[in-house]
Structure formats: C-alpha cells, structure tokens
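Observations on chain architecture
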Amino acid sequence: YAMLSGITKLIVRVRDLDELYREACRIAVEEGGFLMSLITLVDQQHRQSLPVASAGKDKELMAAIKALLTSTRDAASTMVARAIREKAAVVSNESETDVRVLLRAKYAASGIRSMVVLPLIVLDEAVGVLSLYSSEVGFFQEEELKLLTELASDVAYAIDYIGKQDRLEYLAYNDE
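The present account deals with the structure reproduced in this document.

Quick notes on the rules
Residues numbered from 1 in each chain as written. Predicted model: local features only at pLDDT ≥ 70, side-chain atom pairs only at ≥ 80, totals over all residues. Heavy atoms only, no water. Pairing = 2+ DSSP bridges. Helix = DSSP H or I, 4+ residues; strand = E, 2+ residues; numbered from the N terminus. Axes fitted to C-alpha atoms, helices over the stretch in contact; angles between N-to-C directions. Contact = heavy atoms within 4.5 Å. Buried < 20%, exposed > 50% of the residue type's maximum accessible area, 1.4 Å probe, protein only. Parallel < 35°, antiparallel > 145°, perpendicular 65-115°, else oblique. Left-handed = near helix turned anticlockwise from the far one by under 90°. Nonpolar A, V, L, I, M, F, W, Y, C, P; charged D, E, K, R; others polar.

Reading across from one edge, β2-β1-β5-β4-β3 is the order of the five strands in this open sheet, with antiparallel pairing throughout. Edge positions in the open sheet fall to β2 (48-55) and β3 (90-92), since each of these has one partner strand only. Along the sheet, successive strands turn relative to each other by an average axial angle of 20°, direction set aside. Here strand β1 (residues 36-43) runs beside strand β5 (residues 125-134); their pairing, made up of six bridges, is antiparallel. The residue bridging Met36 from the neighbouring strand is Tyr133, located in β5. Sheet strands in contact with helix α4 (residues 79-86) are β1, β2, β3, β4 (114-122) and β5, and its direction is about 140° off that of β5.

Okay, structure coming up:
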C-alpha cells in the first residue's frame, strides 16, 4: 500500500517520462520492499523490448537481462514478451525451478525467488512492462496481484497522460 501511495503521488507531480520510470522503480524497491524493479518498453521500430529504468540489483544482472531482451534468439520466449503478447501478468512464484525463467541461475545468485511481469497497457496496447522481483518464494498471490495490477494501470495511465501532454506542447509550438 505504501508503494501504491508513493506511485500515486509520483503520477500527480511528474511531467517527464524518464523521471516517471526511474522514480517508479525506486519506489518499488524502497517503499515496496522488492529486491529489484524494472521497466521495459516496446520499441516498435526495432521490434524488441528495451529496459529503460531499474532499481535494486547490480549492473551485471541488468546487463544480462538487457542482453536477453535484445537477443534475436531468446527474446520472444521471455516472460516479458509473453506479458506483452497476452496483455496479462506473468508470475513465477518459484523462479529457481520455473523453466519460463531464462536467467534462473543469475536470479538465484542475486537472491530472487519469485517475480511478476505486469503489462503497461495504453489504449489497449501493451507499451511495456513493469517487472518486480522478490526474495520470497510464492510471494505473488491473488491479493498482491490485484494491488500490483492496479499499480501497473496507474503507471500506464501516467505514460499516456504525459505522452498526450508532450504532444500538445509540441503542437502548440510547431506546425505539423
């Protein structure tokens, strides 16, 4: 609830997408108690998912995640790709043994035992995901998923709102 409250306050005050991404990840770790959080956006031009902000774990783990998401061979089989395709949360409550988790060993070495990948849906299109990582096996149960789905919806709303504000500002000063 503290994390949801922090994200809501962030959405009210922030006017920059990069700040939204960074701060949402920071709040998830500091207020939500997650080991790591990550926001990944869909790059339609290159047809891949790119991490844009994270908080928590080390740079080595983030480099491995980025390499996986940009891999032409493995990217389509990631939980991120599945959440984007299905526009639904993808949960692994035991990431050390879940075959869908492609970086099982790296996550285990970092203390990650469960994870959820929540789609960020704007105008019925998944524009990215919010991934949250926990040290507890079985952490993501029905009650937590309801709150976290609401949180992802709030972040998606902010993405849409800031995008529209940016577009209006552009049109106010530029001739299309």
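Here the narrative resumes.
A few words on α4. For α4, the set of buried residues is Met79, Val80, Ala81, Ala83 and Ile84. Where α4 is buried, its residues meet β1, β2, α3 (59-69), β3, β4 and β5. Phi turns positive, to about 55°, at Lys87, one or two residues after α4.

Another point: the pairing of β1. Burial analysis of β1 places seven of its eight residues in the buried class, which makes it a mostly covered element. Bridge analysis of β1 against β2 gives seven bridges, and the strand direction is antiparallel. Paired with Leu38 across the strands is Ser54, a residue of β2.

So, on to the pairing of β5. For β5, the buried fraction is high: eight of the 10 residues fall into the buried class. Across nine bridges, β4 lies against β5 in antiparallel orientation. Paired with Leu120 across the two strands is Gly128, which belongs to β5. In this structure, the hairpin formed by β4 and β5 is closed by a connection of two residues, where Leu123 is found at a positive phi of approximately 50°.

Quick look at the packing of helix α1 (residues 2-13) against helix α2 (residues 17-30) now. In the contact formed by α1 and α2, the axes pass within 9 Å of each other and the chain directions differ by 165°. Classed by the angle they form, the pair α1 and α2 counts as roughly antiparallel. Crossing of α1 against α2: the hand is right-handed. Of the residues in α2, those touching α1 at Met3, Gly6, Ile7, Leu10, Ile11 and Arg13 are Glu19, Leu20, Glu23, Ala24, Ile27 and Ala28. Here the residues of the contact of α1 with α2 sort into eight nonpolar, one polar and three charged.

The analysis is restricted to geometry; functional conclusions fall outside its scope.
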